[in-house]
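# Structure at a glance
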Amino acid sequence: LCGHKARPFYGELCASLSSGPVLVSVLEGEGAILKNRDLMGATNPKDAAPGTIRADFADSIDANAVHGSDSAETAAWEISYFFSQREIFSR
């Protein structure tokens with residue numbers, strides 16, 4: 001989310017993401033970021049393929065139901081924001 005801080009929708013994004021319970025997880029494996037982004041669907045739920053999280057559950061582009069890192073660098077920052085190294089278990 002820090003990459004969006006300067007964007008005009010940042011306030012609405014934070015409000016949406018903090019409007020209810022959240023589940024934070026760390027996924028790993030070959031191509032995990034791309035596979036997870038495919039599962040999430042396009043950012044705009046109107047453009048998301050049927051069967052994706054955003055197509056099935058998002059209310060709007062501002063309340064798009066799910067967030068996922070877009071790169072390994074972003075993932076590293078976001079993971080460290082939510083978890084300590086002791087809380088991450090790798091296979």
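### Some words on the overall build of the protein
- Looking only at helices and strands, the protein has four helices and zero strands in total.
- Each helix (α) and strand (β) of the protein, taken in turn from the N terminus, gives the series α-α-α-α.
- Expected size for 91 residues packed as a compact globule is a radius of gyration near 12 Å; at 14 Å, the protein falls within 12% of this value.
- Seen through its principal axes, the protein has C-alpha atoms that stretch 35 × 30 × 25 Å.
- As displayed, the protein has an accessible area near 7,000 Å², and 56% of this comes from carbon and sulfur atoms.
- Positive and negative side-chain charges of the protein, numbering 8 and 12 respectively, have mean locations separated by a distance of 3 Å.

### Examining the environment of Asp56
- Within the fold, Asp56 resides in helix α3 (residues 53–57).
- Exposure remark for Asp56: the relative accessible area of 46% places this residue in the partly exposed category.
- In this structure, the C-alpha to C-alpha distance between Asp56 and Pro45, residues 11 residues apart in sequence, is 8.2 Å.
- Leave out the neighbours within four places in its chain, and Asp56 touches Pro50 and Gly51.
- From its side chain, Asp56 meets the backbone nitrogen of Gly51 in a polar contact 3.4 Å long.

### Side note on the packing of aromatic side chains
- Tallied over the entire structure, the rule returns two aromatic pairs.
- Each ring, one from Trp77 and one from Tyr81, has its centre 5.5 Å from the other, and the planes form 20 degrees; the classification is stacked. Of this pair, Trp77 and Tyr81 are both found in helix α4 (residues 72–82), four residues apart, which corresponds to roughly one turn of the helix.
- Residue Trp77 is classed as partly exposed on the basis of its relative accessible area of 41%.
- Tyr81 sits in the exposed class, given a relative accessible area of 57%.
- Seen in terms of ring centroids, Tyr81 and Phe82 are 5.0 Å apart; in terms of plane orientation they differ by 80 degrees. Their pairing is edge-to-face.

### Details of unusual backbone geometry
- Here the phi dihedral of Ala65 falls at roughly 75 degrees; this positive angle occurs in a residue that is not glycine.
- In this fold, Ala65 is placed in the loop between α3 and α4.

### Here's the deal with the confidence of the model for the protein
- Looking at the protein as a whole, its pLDDT mean stands at 89, while 97% of the residues score no less than 70.
- Across the protein, the secondary-structure element scoring lowest on mean pLDDT is helix α1 (residues 10–17), at 80, and the one scoring highest is helix α2 (residues 32–40), at 97.

### Observations regarding a nonpolar patch on the surface
- Taken together, the side chains of Val22, Val24, Trp77, Tyr81 and Phe82 present a nonpolar region at the surface, about 540 Å² in accessible area.
- The exposure class assigned to Val24 is partly exposed, which follows from its relative accessible area of 33%.

Cut-off values and rules
Residues numbered from 1 in each chain as written. Predicted model: local features only at pLDDT ≥ 70, side-chain atom pairs only at ≥ 80, totals over all residues. Heavy atoms only, no water. Helix = DSSP H or I, 4+ residues; strand = E, 2+ residues; numbered from the N terminus. Rg over C-alpha atoms; globule rule 2.2 N^0.38 Å. Areas by Shrake-Rupley, 256 points an atom, 1.4 Å probe, with all protein chains shown as cover. Lys, Arg positive; Asp, Glu negative; His and termini not counted. Charge placed at Lys NZ, Arg CZ, Asp CG, Glu CD. Buried < 20%, exposed > 50% of the residue type's maximum accessible area, 1.4 Å probe, protein only. Contact = heavy atoms within 4.5 Å. Polar contact = N/O pair within 3.5 Å; in protein donor to acceptor, adjacent residues only side chain to side chain. Phe/Tyr/Trp six-rings, centres within 6.5 Å; stacked < 30°, edge-to-face > 60°. pLDDT = per-residue confidence, 0-100. Patch = residues over 30% accessible without salt bridge, like charges linked within 9 Å, V, L, I, M, F, W, Y side chains within 5 Å. Salt bridge = Lys/Arg side-chain N within 4 Å of Asp/Glu carboxyl O.

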